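Chains, contacts and geometry: an overview
Residue-level listing of the chains:
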Amino acid sequence: MAVGKVCTGFSRPYVALYNESAGVVTYTGTRRLARGVSVNVSPDTGDTNDFYADNVLAESDSGVFTGGTLTLTVDGLHVDAERMIMGLPEADGDWVAYGDNQSAPNVGVGFIARYMSDGVTTYTPIILCKNKFNPLPLEATTQGESIDWQTEELTAKIMRGDDANHNWKYLGKDYTSENDAEAALVTKLGGSMHTITQTLTNVFSSLSDEAIADGEPLEATLAAESGYVIDSVTVTMGGEDITSTAWSASTSKINIASVTGDVVIVATGVEE
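Described below are features of the structure shown in this document. The shown structure was predicted, so the numbers you read here are calculated from the model rather than taken from an experiment.

1. A word on the overall build of the protein
Each helix and strand counted, the protein has three helices and 19 strands in total. Once the C-alpha set of the protein is aligned to its principal axes, its extents read approximately 90 × 55 × 50 Å. Within the protein, residue pairs in contact and separated by at least 24 positions form 63% of the contacts whose partners lie at least 6 positions apart. Carbon and sulfur atoms make up 48% of the accessible area of the protein, which totals about 15700 Å². Averaged over its 15 positive side-chain charges, the protein has a centre that lies 6 Å from the centre of its 38 negative ones.

Structure follows, in structure tokens:
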């Protein structure tokens, strides 16, 4: 008996700038949007076309996709991600301006859906080919006796693509690894991935990802295990030592503005 699959999760939303030339669609500037909380895709279709014969419904042609609405809930956008999807100008000092000089671009949106079938977990990359985000709402609540975890809800118009088939969605194959599904998703959106390798001795890292998209910023906080202090940290990218610019001993943070190669982090703690 065939076994269906049940959706059990959603993760790793990505966006990329949508480009079209002579009916060929490409993507650039692929980046992670935020951490995913939930997603809802609501297609709009034209009316069905029914044919009746012998006083009964004999044939029916389903409605054609005409557009739709994407509702995407995330933990919270970084400023550079917000600038991208809203088409905001470069920051003027510490501030980014919303006004007449902003122009929201068309973007591809991708994410990973997690499924379970007969006890087996798989990950499926999904891409909505052409979308335009609406202006972002803002809702915040003051903290009471405990933290009220607040998320950010984004909405976008889903459109048909400008290729010959007017594709509006791509559904990838099932992967047994979420990282493999993410790599396939990023590649389809015109990007590439770099590996992250951490060799930690008596040190903890806030970074759990094993790969990152090209051009993405990387942030990590290191902390020594109890009874230890951080003695040495080395960060390389693409085989080049970038420790002096990436590692801050005063804040115990690693910051790389734009990842362009495989990243290797080696950190060692010694007894106090």
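On we go.
2. Let's talk about the sheet that holds strand β13 (residues 211-213)
The strand order across the open sheet formed by five strands is β13-β11-β19-β15-β16, and the pairing between neighbours is mixed. Either end of the sheet is taken by a strand with one partner, and the two such strands are β13 and β16 (240-241). As paired elements, strand β15 (residues 228-237) and strand β19 (residues 263-271) share nine bridges and run antiparallel to each other. Residue pairing in the sheet places Met237 in a bridge with Val263 of β19.

3. Section: the sheet that holds strand β17 (residues 247-248)
Pairing between sheet strands relies on hydrogen bonds along the backbone, with the strands arranged either parallel or antiparallel. Here we have four strands laid out as an open sheet, ordered β12-β14-β18-β17, and antiparallel in their pairing. On the outer flanks of this sheet lie β12 (203-205) and β17, each paired with one strand and no other. Pairing geometry for β12 and strand β14 (residues 218-224), over three bridges, is antiparallel. The residue of β14 that forms the bridge with Val203 is Ala224.

4. With respect to helix α2 (residues 178-188)
When we look at burial in α2, the residues that qualify are Ala181, Glu182, Leu185 and Val186. All buried residues of α2 lie within an arc of 130° about the axis, which places them on one face of the element. Looking at the buried positions of α2, the neighbouring elements they touch are β1 (6-21), β2 (24-32), β7 (107-117), β8 (120-133), β11 (193-201) and β13. Its side-chain oxygen placed 3.2 Å from the backbone nitrogen of Asn179, Ser177 serves as the N-cap of α2.

5. Structural notes on the side chain of Thr122
Along the polypeptide, Thr122 turns up in strand β8. Relative accessible area serves as the criterion here: at 14%, Thr122 is assigned to the buried category.

Each value, and the rule that gives it
- Residues numbered from 1 in each chain as written.
- Predicted model: local features only at pLDDT ≥ 70, side-chain atom pairs only at ≥ 80, totals over all residues.
- Heavy atoms only, no water.
- Helix = DSSP H or I, 4+ residues; strand = E, 2+ residues; numbered from the N terminus.
- Contact = heavy atoms within 4.5 Å.
- Areas by Shrake-Rupley, 256 points an atom, 1.4 Å probe, with all protein chains shown as cover.
- Lys, Arg positive; Asp, Glu negative; His and termini not counted.
- Charge placed at Lys NZ, Arg CZ, Asp CG, Glu CD.
- Pairing = 2+ DSSP bridges.
- Buried < 20%, exposed > 50% of the residue type's maximum accessible area, 1.4 Å probe, protein only.
- Arc of directions from axis to C-beta.
- Polar contact = N/O pair within 3.5 Å; in protein donor to acceptor, adjacent residues only side chain to side chain.

None of this, on its own, says anything about what the molecule does.
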